[in-house]
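Listed below, chain by chain, are the residues.
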Amino acid sequence: MRKILIVAALLAAAPFSASAEALSYTYVEGGWTQFKTNDDLLDDPKVDGAYLRGSVAVAEQVHVFGGWSRTSKTYHYRDGSMKLELNQPELGIGYHMPWTDRVDFTADAAWVRQNVELTDRYYGHSERYKDHVNLGRVTMGVRGKPSRMTEAWAKAGYMDGGNNFKGTWVGTLGGQVNFTKTWGLVGEISGYRDVTQFSAGVRASF
């Protein structure tokens, strides 16, 4: 959380070039993602997969967004295997307000659903277990352009799932390097409690 606040302060205070391109809130991106849990007993388990995310500006300062990620890992043992899958869709709405010519204040609210599936195969038999939880998440932060071809964002907030998921603080740090006005490479780290998600992909902005 402290790192996120430091990055947010640096973005807000940094001098930005007047020739920088404006921030776009209409884009689509996709790539690789990984969820990692800090657990010494289970040797820090992690699942890898892919994600797809998009945003559409629906008004001058309002945008809607959605995403989906699917990750999995198979553990093999002497007489069978166990496959763990995590699917996570999300849908939300965001607000942005200019602080400077190249830095925006951002706020958003989203619905997130975590679907977990475990398939255990042994001696020719198979058993499947499923579970899910619906979460609400709200965050606030900053988004800006340190240079004409780069972008960075930081945000922090709270996520809660009622009786099925005790509320917790969440945080995100991300950045983009543009090759053209449309295309760029993006990277992001987000986390809550002992869970960290890493993402890297390609974004097309419009």
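Presented here is a report on the structure given in the accompanying data block. (Residues numbered from 1 in each chain as written. Predicted model: local features only at pLDDT ≥ 70, side-chain atom pairs only at ≥ 80, totals over all residues. Heavy atoms only, no water.)

A word on the side chain of Asn-87
Part 1: With respect to the helices and strands, Asn-87 occurs in strand β4 (residues 80-98).
Part 2: A residue is classified by how much of its surface remains accessible, and Asn-87, at 16% relative accessible area, is buried.
Part 3: Apart from residues no more than four positions distant in its own chain, Asn-87 is found in contact with Trp-68, Ser-69, Arg-70, Arg-113, Gln-114 and Asn-115. (Helix = DSSP H or I, 4+ residues; strand = E, 2+ residues; numbered from the N terminus. Buried < 20%, exposed > 50% of the residue type's maximum accessible area, 1.4 Å probe, protein only. Contact = heavy atoms within 4.5 Å.)

With respect to the sheet that holds β4
Part 1: The strand order around the closed barrel formed by ten strands is β1-β2-β3-β4-β5-β6-β7-β8-β9-β10, and the pairing between neighbours is antiparallel. Neighbouring strand axes in the sheet, compared pairwise and without regard to direction, differ in orientation by 20 degrees on average.
Part 2: Where strand β8 (residues 168-178) meets strand β9 (residues 183-192), nine bridges bridge the pair, whose relative direction is antiparallel. Bridging from a neighbouring strand, Val-177 pairs with Leu-185 of β9. (Pairing = 2+ DSSP bridges. Axes fitted to C-alpha atoms, helices over the stretch in contact; angles between N-to-C directions.)

Details of the nonpolar core
Part 1: In terms of nonpolar packing, the biggest core is built from eleven residues, these being Phe-35, Val-47, Leu-86, Val-112, Val-133, Leu-135, Met-159, Phe-165, Val-170, Tyr-192 and Val-195.
Part 2: Beyond its immediate sequence surroundings of up to four residues, Phe-35 is in contact with Pro-45, Lys-46, Val-47, Ser-69, Thr-71, Leu-86, Gln-88, Val-195, Thr-196 and Gln-197. (Core = buried A, V, L, I, M, F, W, Y, C linked by side-chain atoms within 4.5 Å.)

Considering the packing of aromatic side chains
Part 1: On inspection of all chains with the given rule, the structure shows three aromatic pairs.
Part 2: Ring centres of Tyr-158 and Trp-169 lie 5.3 Å apart, and the angle between their planes is 75 degrees; on these two criteria the pair is classed as edge-to-face. Of this pair, Tyr-158 sits in strand β7 (residues 150-160) while Trp-169 sits in strand β8, and the two are eleven residues apart along the sequence.
Part 3: With a relative accessible area of 34%, Tyr-158 lands in the partly exposed category.
Part 4: Geometrically, the ring pair formed by Phe-165 and Tyr-192 is edge-to-face, given 6.0 Å between the ring centres and 65 degrees between the ring planes. Taken together, the positions of Phe-165 in the loop between β7 and β8 and Tyr-192 in strand β9 put the pair 27 residues apart, joining distant regions of the chain. (Phe/Tyr/Trp six-rings, centres within 6.5 Å; stacked < 30°, edge-to-face > 60°.)

Overview of the pairing of β8
Part 1: Of all eleven residues in β8, eight are buried; the element is thus mostly enclosed.
Part 2: Here ten bridges tie β7 to β8, and the two strands are oriented antiparallel to one another. In the sheet register, Trp-153 faces β8, and the bridge partner there is Gly-174.
Part 3: Once β8 ends, the chain turns through four residues before running back antiparallel as β9.

Overview of the pattern of salt bridges
Part 1: In the structure shown here, the tally under the stated rule is nine salt bridges.
Part 2: Its salt-bridge partner being Glu-29, residue Arg-53 comes within 3.6 Å of it at the nearest N-O pair. You can see Arg-53 sitting in strand β2 (residues 46-59) and its partner Glu-29 sitting in strand β1 (residues 27-37), a full 24 residues away along the chain. With respect to burial, Arg-53 and Glu-29 carry one shared label: buried.
Part 3: Its salt-bridge partner being Lys-83, residue Glu-85 comes within 3.9 Å of it at the nearest N-O pair.
Part 4: Overall, Glu-85 belongs to the buried group, its relative accessible area being 9%.
Part 5: Lys-83 gets classed as partly exposed once you look at its relative accessible area, which sits at 27%. (Salt bridge = Lys/Arg side-chain N within 4 Å of Asp/Glu carboxyl O.)

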